[in-house]
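Working through the structure, step by step
In case you want the letters, here they are:
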Amino acid sequence: MIFDTHIHTSFSSDSKMNIKDALDKAKALGIGLVITDHMDLNYPDKDKFKFPVADFFKSYEPYKSSSLLLGIELGMDTGYEAENKNLIDTYNFDEVIGSQHFLHGFDIYDASLYREKTKVELFRDYFLEIIASLKTHSYIDTLGHIDFISRYCPFEDKEIYYNDYCDYIDEIIKLCINYDISLEINTRRLGMAKSLNSLVSIYKRYKELGGNYVTIGSDAHTVDSIGLNLDKGFQIAESLGLKPIYFKNRSSEYIK
Ligand SMILES: [Zn+2]
Ligand SMILES: [Zn+2]
């Protein structure tokens, strides 16, 4: 069964999706889901992008099945190393996506981040921050959306070109391989040919350096987005010889 391994529901501050609607959509598409709601302990607003984990499990465990798994999207931050680790050790998540949502103390979504520096400077800082985060969060299962900054940066050309940042991207890839962390193919931006092509160069390099495993997820926050561009993600994996996986009880399972 194909799994969409990155799904937000109403436990995420930026989603209103009801799990029953998500399940109906997944059933119609014939796919499995891993629910991965947002937990960014570093988010400045105390009530935002955090969820009560015990309530999450209590509410969703009745829906758990071989095609509905319960994970988390964990906001990585070197300043929250101990808190993040404690959270992951305390609860039985199926899958832990580690994501870089912050840079220089700003939400990457926040326009203020982009006032002072050039694209090249900021993208380098972004990759350096991912490197630092991976070193302090080596237990994550998969590295979420390496192109997150491309979603929100105001630059005319938002894409990551591997050759411009090869040393940094290589280090990220090597850390993932050494720590046995899978790389996510986040399908959200694969509908744009330019984005798809620039991302393929990164996944190609991952394979060249010895990477094998990818999780493929839509990062859906609404029912309509569930499964969006998953076919493109699977095509990338197949064309590069990468193996799509999902995580169940923190162990990787092949998607056949
Ligand atoms: Zn994210
Ligand atoms: Zn997400």
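As a starting point, this report considers the structure included with it. Nothing here was measured: the structure is a model prediction, and the numbers come from that model.

Conventions and cut-offs
Residues numbered from 1 in each chain as written. Chains lettered and ligands numbered in written order. Predicted model: local features only at pLDDT ≥ 70, side-chain atom pairs only at ≥ 80, totals over all residues. Heavy atoms only, no water. Donors = N, O, S within 2.8 Å, 3.2 Å for Na, K, Ca; no water. Helix = DSSP H or I, 4+ residues; strand = E, 2+ residues; numbered from the N terminus. Buried < 20%, exposed > 50% of the residue type's maximum accessible area, 1.4 Å probe, protein only. Tetrahedral: all angles 85-135°; square planar, octahedral: opposite > 155°, others 65-115°. Right-handed = clockwise from strand over helix to strand, strands pointing away. Pairing = 2+ DSSP bridges. Phe/Tyr/Trp six-rings, centres within 6.5 Å; stacked < 30°, edge-to-face > 60°. Lys NZ or Arg CZ within 6 Å of the ring centre and 35° of its normal.

Here we look at the coordination of the zinc ion (ligand 1)
- Looking at the zinc ion (ligand 1), one finds its protein donor set to be Glu 73 (OE), His 101 (NE2) and His 145 (NE2), positioned 2.1 to 2.2 Å from the metal centre.
- Going along the chain, you hit the donors of the zinc ion (ligand 1) in the pattern E-x27-H-x43-H.
- Between the zinc ion (ligand 1) and the zinc ion (ligand 2), both coordinated by Glu 73, there is a metal-metal distance of 3.4 Å. Residue His 101 is found in the loop between β4 (96-99) and β5 (102-103), and its partner His 145 is found in the loop between β7 (142-143) and α5 (148-152); the two are separated by 44 residues along the sequence. Exposure class is identical for His 101 and His 145. Each is buried.

Details of the coordination of the zinc ion (ligand 2)
- Each protein donor to the zinc ion (ligand 2) is listed here as His 6 (NE2), His 8 (NE2), Glu 73 (OE) and Asp 219 (OD); together their distances run 2.0 to 2.2 Å.
- Considering all four donor atoms around the zinc ion (ligand 2), angles at the metal cover 83 to 173 degrees and the coordination shape is irregular.
- Counting residues between consecutive donors of the zinc ion (ligand 2) along the chain gives the motif H-x1-H-x64-E-x145-D.
- Note on Asp 219: relative accessible area 3%, which makes it buried.

Quick look at the pairing of strand β3 (residues 68-75)
- Burial runs high along β3: eight of the eight residues are buried.
- Burial along β3 is two-sided: Leu 68, Leu 70, Ile 72 and Leu 74 and Leu 69, Gly 71, Glu 73 and Gly 75, pointing in opposite directions, are all buried.
- Where the polypeptide runs from strand β2 (residues 32-39) across helix α2 (residues 53-60) and back to β3, its parallel neighbour, the crossover connection is right-handed.
- Both β3 and β4 contribute to a ladder of four bridges, which runs parallel. Across the sheet, the residue bridging to Leu 74 is Gly 98, located in β4.
- Read as a crossover between parallel neighbours, the route from β3 over helix α3 (residues 81-90) to β4 is right-handed.

What to know about the packing of aromatic side chains
- Tallied over the full model, the rule gives 21 aromatic pairs.
- Each member of the aromatic cluster is reached from another via a ring pair, and the members are Phe 11, Phe 51, Phe 56, Phe 57, Tyr 60, Tyr 91 and Phe 93.
- Its guanidinium or amino end placed over the ring of Tyr 139, Lys 85 lies 5.6 Å from that ring's centre, counting from NZ or CZ.

Some words on the sheet that holds strand β1 (residues 3-7)
- Ordered by their spatial adjacency, nine strands build an open sheet running β1-β2-β3-β4-β7-β8-β9-β10-β11, and the pairing between neighbours is mixed. Each end of this open sheet is capped by a strand with a single partner; those strands are β1 and β11 (251-254).
- Two strands pair when backbone bridges link them, and strand β8 (residues 182-186) and strand β9 (residues 213-217) are joined in this way by four bridges, in the parallel orientation. Paired with Leu 183 across the two strands is Val 214, which belongs to β9.

Distances and angles like these do not, on their own, reveal function.
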